[in-house]
Amino acid sequence: EWKPLEDHSCTDVPWLLLFILFCIGMGFICGFSIATGAAARLLSGYDSYGNICGQKNVKVEGIVNSGLDLTHKKYVFFLDPCNIDLVHQRIKSLALCVSACPRKELKTLADIQKFAETNGSTLCSYELTPSEYTTDPRAAKLCPKYPVPESAPIPFFHRCAPVNISCYAKFAEALITFVSDSSVLHRLISGVMTSKEIIMGLCLLSLVLSMILMVIIRYISRVLVWILTILVILGSLGGTGVLWWLYAKQRVSVGAVETQIAKDNLQALLVYAISATVFTVILLLIMLIMRKRVALTIALFHVAGKVFIHLPLLVFQPFWTFFVLVLFWTYWITVLLFLGTTGSPVPNEEGFVEFRMVGPLKYMWWYHVVGLIWISEFILACQQMTVAGAVVTYYFTREKKNLPFTPILASVNRLVCYHLGTVAKGSFIITLVKIPRMILMYIHTQLKGKENACARCMLKACICCLWCLEKCLTYLNQNAYTATAINSTNFCTSAKDAFVILVENALRVAAINTVGDFMLFLGKVLIVCSTGLAGIMLLNYQRDYTIWVLPLIIVCLFAFLVAHCFLSIYEMVVDVLFLCFAIDTKYNDGSPGREFYMDKVLMEFVENSRKSMKEAGRGGGAEGRELKPMVGADEE
């Protein structure tokens, strides 16, 4: 029996205890890595002989030049910083501790010797004195490869890094296998650096557009759907037309300016114009098919907009969630770096020192990876539960003036006091599906080009099935959290109750929620298209010396992520409202003792939906069958 907000009890306490134990294990990994000196090795740096820079060290058996007092040598210097091992993704060079980084280019051994005598910073191996740099034949191997590039210490990490990062650009170029021309990546990077102010301005524009769209949703929800539809049609057609116009204009002018950048921009414009044309055609066909169902979404959007009016703090949920995720990811990456330098010193085949963990401890990073997935999903699930609790409080409070002063904080309080175990269990289920999918994706990447067609097809099919299962479980979890917020039941009971409600209204879910999600997708498309169009117009003024591809991709990706973060909250509110609406109409009929919880606006939505569905039902055919009324709605 559904008793909205009547009882509050702790749910899934064993899972909360399990999650706390798991977090203690994560803390143990961090503490272990710090206790074994990994933090000092990461922050202060260490040389190829196992000495930590800036302190006295203990002798490592069998390793010469270990156990040195390097108190005054606080920086790590690589003799050949551009010699990068692509397989192990590390700098394959002798590392030494020095007292200062070379602030100017050193072209000969005499310059290196003069730098050591002037600054007291010896850049050759410890067994050579500065006076032997130009006379000892071993200097060819024990001194840096010259010319020694100008370098500067990395803040907080005490590593001397070349000021000119061209060698690292070549490393990135080697990782990008589709780049065949070595100059392409350099032009891409120069395009990003030249356009960095435009990129930052366009990213800010996407944030402002997302905020404006949220305001539009709140205040003009009744006309929002049609406004979005018209704007997207005009935007897609206009954007496609502008691209073809720019392509035609640039094709005429490219003959006069025979530069590689101009040719690259012309080719990029052609690809953009063709892609925009295909996208516009597909978008118009989809909107033509969905046009009859758009009217049913308008009233639901109005109700969701009214929720945002009463609960304005919902708009800031993406910021809080993102902030917490960034804090956790920063912690996780820091500990991961600690783990990379954790372990006992072991001589390698080259006679230098590597730090390796032995025994069961070498599998700690697997535990750490699982922690990344589970805790990240836990944070996202906390956001879902918070939003669900706030919207449920709004829906099932008959007198809106009796709402808590801040329903969001009240929802957070209920989450922390009663439902953290439910969130931990739901996020663990998603983790169980994510891990096999990630393992299969890793195997597929490692075997790329080596497996036969059948194995490749099976791997992709398994990955696709796990992805679909993950999406279905995520949707069910969200509705389970809503049921928990309503009834204070444990995760399994809530998931079962929510699943029953959704199955009873499966066709209605498909007919209404899908249209709502599609309209929110149109909002994302509008923001991306507007930002991208502004980017095209601004970058067009730099077309002679800036390549467009990477700056435009960065801007469009950021715009989509920002729009997704904002509109996903709106989508979440719509889903929670629909489940509350389904429960309300199933168990209440408006009679004394069984009054509806919904307000007048939602009642109008119910009546309009019933009329539309009945008209579609009288029309017969597939449309009538698809819009079958909810169980219990017409009977009551």
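Before any of the text, the structure's been laid out above.
Model, not experiment: these values are computed from the prediction.

**Describing the pattern of salt bridges**
Then comes step 1: For the coordinates displayed, the defined rule picks out five salt bridges.
Then comes step 2: Note that Arg138 is salt-bridged to Asp136, the shortest N-O span being 3.1 Å.
Then comes step 3: One salt-bridge network, held together by shared partners, links Glu377, Lys434, Arg437 and Glu470.

**A short note on unusual backbone geometry**
The bulk of non-glycine residues show a negative phi, and the bulk of peptide bonds are trans.
Then comes step 1: Although it is not a glycine, Asp12 adopts a positive phi angle of roughly 55°.
Then comes step 2: Of note, Asp12 is situated in the segment before α1 (13–35).
Then comes step 3: Positive phi, close to 55°, is recorded for Ser488, a residue that is not glycine.
Then comes step 4: Relative to the elements of secondary structure, Ser488 occurs in the loop between α14 (453–487) and α15 (491–504).
Then comes step 5: Accessibility expressed as a relative area gives 7% for Ser488, which makes it buried.

**A few points about the state of the cysteines**
Then comes step 1: Per the counting criterion, the structure on display carries three disulfides.
Then comes step 2: Residue Cys124 pairs covalently with Cys143 via a disulfide, S to S 1.9 Å. On the sign convention where negative means left-handed, the S-S torsion of about 110° between Cys124 and Cys143 marks this disulfide as right-handed. Linking Cys124 in the loop between α3 (109–119) and α4 (139–142) with Cys143 in the loop between α4 and β5 (151–153), this pair joins segments that are 19 residues apart in sequence.
Then comes step 3: For Cys124, a relative accessible area of 0% translates into the label buried.
Then comes step 4: The buried category is assigned to Cys143, whose relative accessible area is 4%.
Then comes step 5: Cysteine Cys468 shares no disulfide, and the gap to the nearest cysteine sulfur, in Cys464, comes to 4.3 Å.
Then comes step 6: Judged by its relative accessible area of 34%, Cys468 is partly exposed.

**Re the layout of surface pockets**
Which parts of space are left empty comes out when a probe the size of a water molecule is rolled across the atoms.
Then comes step 1: Put simply, the second largest pocket is a space of about 1600 Å³.
Then comes step 2: What lines the second largest pocket is a set of 44 residues, and nearest its centre among them are Leu380, Gln383, His564, Cys565 and Ser568.
Then comes step 3: Listing elements by their share of the lining of the second largest pocket, those giving two or more residues are α11 (317–340), α12 (364–395), α13 (407–446), α14, α16 (506–539) and α17 (549–587).
Then comes step 4: Element by element, the count of residues in the lining of the second largest pocket is highest for α17, at 10 residues.
Then comes step 5: Residue composition of the lining of the second largest pocket, by class: 24 nonpolar, 12 polar and eight charged.

**Points about the side chain of Asn477**
Then comes step 1: Here Asn477 is to be found in helix α14.
Then comes step 2: Taking relative accessible area as the criterion, Asn477 reaches 4% and is therefore assigned buried.
Then comes step 3: Residues within four places of Asn477 in sequence aside, it is in contact with Gly426, Ile430 and Phe491.

**Observations regarding the pairing of strand β4 (residues 95–98)**
Then comes step 1: Across the two faces of β4 the burial is the same, with Ala95 and Cys97 and Leu96 and Val98 all buried.
Then comes step 2: In the sheet, strand β1 (residues 75–78) pairs with β4 via four bridges, with the strands oriented antiparallel. If you follow Val76 over to β4, its bridge partner there is Cys97.

**What to know about the packing of aromatic side chains**
Then comes step 1: Counting across every chain of the model gives 16 aromatic pairs.
Then comes step 2: Taking the centre distance of 6.4 Å and the plane angle of 55° together, the rings of Tyr481 and Phe491 count as tilted. Here the residue Tyr481 occupies a position in helix α14, and Phe491 occupies one in helix α15, the gap between them amounting to 10 residues.
Then comes step 3: Overall, the relative accessible area of 1% leaves Tyr481 in the buried class.
Then comes step 4: The exposure class assigned to Phe491 is buried, which follows from its relative accessible area of 5%.

**Some thoughts on α15**
The periodicity of an α-helix, 3.6 residues per turn, causes residues three or four positions apart to be oriented the same way.
Then comes step 1: Taking 1.5 Å of rise per residue, the 14 residues of α15 would be expected to cover 20 Å, and the 20 Å separating its terminal C-alpha atoms lies within 8% of that figure.
Then comes step 2: Where α15 is concerned, the buried positions are Phe491, Ser494, Ala495, Asp497, Ala498, Ile501 and Leu502. Buried residues in α15, looked at end-on, bunch into an arc of 165°, giving them a common side.
Then comes step 3: The backbone nitrogen of Cys492 lies 3.4 Å from a side-chain oxygen of the residue at the head of α15, namely Asn490.

Quick notes on the rules
- Residues numbered from 1 in each chain as written.
- Predicted model: local features only at pLDDT ≥ 70, side-chain atom pairs only at ≥ 80, totals over all residues.
- Heavy atoms only, no water.
- Salt bridge = Lys/Arg side-chain N within 4 Å of Asp/Glu carboxyl O.
- Helix = DSSP H or I, 4+ residues; strand = E, 2+ residues; numbered from the N terminus.
- Buried < 20%, exposed > 50% of the residue type's maximum accessible area, 1.4 Å probe, protein only.
- Disulfide = S-S within 2.5 Å.
- 1 Å grid on protein atoms, 1.4 Å probe; cavity = no way out; pocket = protein on both sides within 12 Å on 5 of 7 lines; lining within 4 Å.
- Points joined across faces, edges and corners; volume = space filled by probe spheres on them.
- Nonpolar A, V, L, I, M, F, W, Y, C, P; charged D, E, K, R; others polar.
- Contact = heavy atoms within 4.5 Å.
- Pairing = 2+ DSSP bridges.
- Phe/Tyr/Trp six-rings, centres within 6.5 Å; stacked < 30°, edge-to-face > 60°.
- Expected span 1.5 Å × (residues − 1).
- Arc of directions from axis to C-beta.
- Polar contact = N/O pair within 3.5 Å; in protein donor to acceptor, adjacent residues only side chain to side chain.

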